[in-house]
Amino acid sequence: MPHGLITAWFYLSGIMPSKILTKFSQLTMKKLLFQFDTDIYPAVFDTVVAYDGGAEHVIGHGGLTPDNVTSLVEGAIFTRAPKDKKNTAIFVGGSDIVAGEALFAAVQKHFFYGFQVSVMLDSNGSNTTAAAAVAKLAVSGVLNGKKAVVLAGTGPVGQRAAAMLAMEGAEVSITGRSMIRATQVCEQIKARFNVDVTPIEAFDNQARAVAIEHTHIVLATGAAGIELLTPEQWQHNPTLEMIADANATPPLGIGGTDMMDKGIDRHGKIIWGAIGFGSLKLALHRACIAQLFTDNKQVLDAENIFSLAKEMAQSE
Ligand code: NAP
């Protein structure tokens, strides 16, 4: 007899012993992922990966801020018994990393002893994408002591990537079209990660070509479909050792590369294209979702997501 019918029969006959109730609740305890997005519409990409990572039901909420999230967090932390709370988790996303960080912090403020669920921050795929790209660079060559430039590094992916490169011991700069914006982002990175990143104003491709002179590593994290360097602007750079480009929408961020490049040699430089390291990004994102359901105390953000990426990059 199906579980639902057995349960209904017990209820109707008025003999639902607590042990049996517990047994059935365990059998039907679904892995619920609450997708809290700072944008109006929760990202479809994150919903799909959530299911692929092992969530059995994904509930998306958009337009969330620290001011309107309280009742949603309370609903997540108060409903299940302590041993069952690992089956509820929260994913914070959205296109704005600063808004995401604020929401992520606000969610955790409502946790208290015994009443918490696992939580992950990945605004615009920032942590998982940056972690996958930097982890692939780390297995391809040495990062410590090298000069790295994150082109158009003011977006969510670039900010996280700059921090991760700096954590690996690289001397990191980011470019942006406005010095004010680039400086503000470097300050945000310093406040969050306590690493120094240098801002560079580079309005066009020519200025970005100058910015990468004497550099060993270039990581391009510009908006989709925006070329940041022409082929000629990097192919003859004598110090350049490695390039990764996060943009998979033509034209690519780095002209003369291919989005499928998987650590291949072009003009004496190791190239990682967006799809080339994208398979690690997806595997990592899924692995993080699975990790959320291992207990109710996981707090996944840049540092531990990057650690996992480095482990996975060895074999992926
Ligand atoms: P984003 O916020 O959309 O853009 C990053 C930066 O690009 C912006 O801060 C802006 O910097 C610069 N930019 C915008 N328009 C520009 C233009 N016309 N010319 C020059 N620079 C311009 O990007 P993101 O969300 O961080 O994502 C970075 C890249 O990763 C995107 O291409 C995205 O599609 C890709 N992505 C890849 C994966 C993957 O698995 N491979 C996953 C997620 C995202 P300034 O205004 O400061 O100049």
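Each value, and the rule that gives it
- Residues numbered from 1 in each chain as written.
- Predicted model: local features only at pLDDT ≥ 70, side-chain atom pairs only at ≥ 80, totals over all residues.
- Heavy atoms only, no water.
- Salt bridge = Lys/Arg side-chain N within 4 Å of Asp/Glu carboxyl O.
- Helix = DSSP H or I, 4+ residues; strand = E, 2+ residues; numbered from the N terminus.
- Buried < 20%, exposed > 50% of the residue type's maximum accessible area, 1.4 Å probe, protein only.
- Core = buried A, V, L, I, M, F, W, Y, C linked by side-chain atoms within 4.5 Å.
- Domains from an automatic or database assignment.
- Contact = heavy atoms within 4.5 Å.
- Near = heavy atom within 4 Å.
- Polar contact = N/O pair within 3.5 Å; in protein donor to acceptor, adjacent residues only side chain to side chain.
- Areas by Shrake-Rupley, 256 points an atom, 1.4 Å probe, with all protein chains shown as cover.
- 1 Å grid on protein atoms, 1.4 Å probe; cavity = no way out; pocket = protein on both sides within 12 Å on 5 of 7 lines; lining within 4 Å.
- Sits in = over half its atoms within 2 Å of the grid points.
- Axes fitted to C-alpha atoms, helices over the stretch in contact; angles between N-to-C directions.
- Parallel < 35°, antiparallel > 145°, perpendicular 65-115°, else oblique.
- Left-handed = near helix turned anticlockwise from the far one by under 90°.
- Nonpolar A, V, L, I, M, F, W, Y, C, P; charged D, E, K, R; others polar.
- Arc of directions from axis to C-beta.
- Buried area = accessible area lost by both parts, 1.4 Å probe.

> Looking at this model, I keep getting lost on the pattern of salt bridges. Mind explaining?
Tallying each qualifying case throughout the model produces nine salt bridges. Here aspartate 301 ties to arginine 160 by a salt bridge, and the two come within 2.9 Å at their closest N and O atoms. Taken together, the residues span a long stretch of sequence, with aspartate 301 in the loop between β12 (299-300) and α12 (302-315) and arginine 160 in helix α7 (residues 156-167) at a distance of 141 residues. There is no split in this pair, since aspartate 301 and arginine 160 are both buried. A salt bridge links aspartate 301 to arginine 192, with the nearest nitrogen and oxygen atoms 3.0 Å apart. Placement of aspartate 301 in the loop between β12 and α12 and of arginine 192 in helix α8 (residues 179-193) is noted, with a sequence separation of 109 residues between them.

> For this particular structure, what's the right way to read the nonpolar core?
If you look at soluble globular proteins, the nonpolar side chains tend to sit buried side by side. Ranked by size, the top nonpolar core spans 53 residues in total, and within it Leu33, Leu165 and Leu219 carry the most contacts. Among the domains, domain 1 (3-121) and domain 2 (128-277) are the pair contributing at least three residues each to this core. Once you skip the residues sitting within four places of it in the chain, leucine 219 turns out to touch Ala133, Val134, Leu137, Val149, Val150, Leu151, Ala161, Leu165 and Ala244. In terms of nonpolar packing, the next biggest core, distinct from the first, is built from 19 residues, Leu32, Leu64, Val69 and Ile77 among them.

> I keep staring at the site of the ligand and nothing clicks. Help me out?
Taken together, 21 residues form the shell around the ligand, and within it Asn124, Thr154, Val157, Arg177 and Gly222 come nearest. Between an oxygen atom of the ligand and a main-chain N or O atom of proline 156, the distance comes to 3.2 Å. Interatomic distance of 3.0 Å between a backbone N/O atom of valine 157 and an oxygen atom of the ligand. Contact with the protein chains hides 74% of the accessible area of the ligand, taken as 930 Å² for the molecule alone. Assessed atom by atom at 2 Å from the grid points, the ligand resides in the largest pocket. Mapped onto the shell around the ligand, the elements with two or more residues apiece are α7 and α11 (274-292). Take the shell around the ligand: its biggest share by element is three residues, from α11.

> Is there a simple way to think about the packing of α7 against α8 in this case?
Think of two packed helices as two axes; the pair is described by the angle between the axes and how far apart they sit. Two elements in contact, α7 and α8, have axes separated by 10 Å at closest approach and are oriented at 55°. The angle between α7 and α8 falls in the class oblique. Read as a crossing pair, α7 and α8 show a hand that is right-handed. Across the interface between the two elements, Gln159, Arg160, Ala162, Ala163 and Met167 from α7 touch Arg181, Val185, Gln188, Ile189, Arg192 and Phe193 from α8. Looking at side-chain class alone, the contact of α7 with α8 contains six nonpolar, two polar and three charged residues.

> In this structure, what is going on with helix α3 (residues 44-52)? I would like to understand it.
Side chains that are three or four residues apart share a direction in an α-helix, a result of its 3.6 residues per turn. Within α3 the residues assigned to the buried category are Asp46, Val49 and Ala50. Around the axis of α3, the buried residues are gathered within 105° of arc, so they sit on the same side. Among the structural elements, β1 (32-37), β2 (57-61), β3 (88-93) and α11 are those in contact with the buried residues of α3.

> It is not clear to me how the domain arrangement of the protein should be interpreted in this structure. Could you clarify?
According to the domain assignment, the protein contains domain 1 (3-121) and domain 2 (128-277). Taking the mean C-alpha position of each, domain 1 and domain 2 sit 36 Å from one another. If you look at the interface, domain 1 gives six residues, while domain 2 gives six residues. Buried area between domain 1 and domain 2, summed over both chains or domains, comes out near 410 Å², and the portion from carbon and sulfur atoms is 62%. It is Ile97, Val98 and Glu101 that lose the most area in domain 1 upon contact with domain 2, and together they represent 74% of the buried surface on that side. In this structure, the connection of domain 1 to domain 2 is made through one salt bridge. Between glutamate 101 and arginine 160 there is a salt bridge whose closest N-O contact spans 2.5 Å. If you look at where domain 1 meets domain 2, you find one residue pair in polar contact (both at pLDDT 80 or more).

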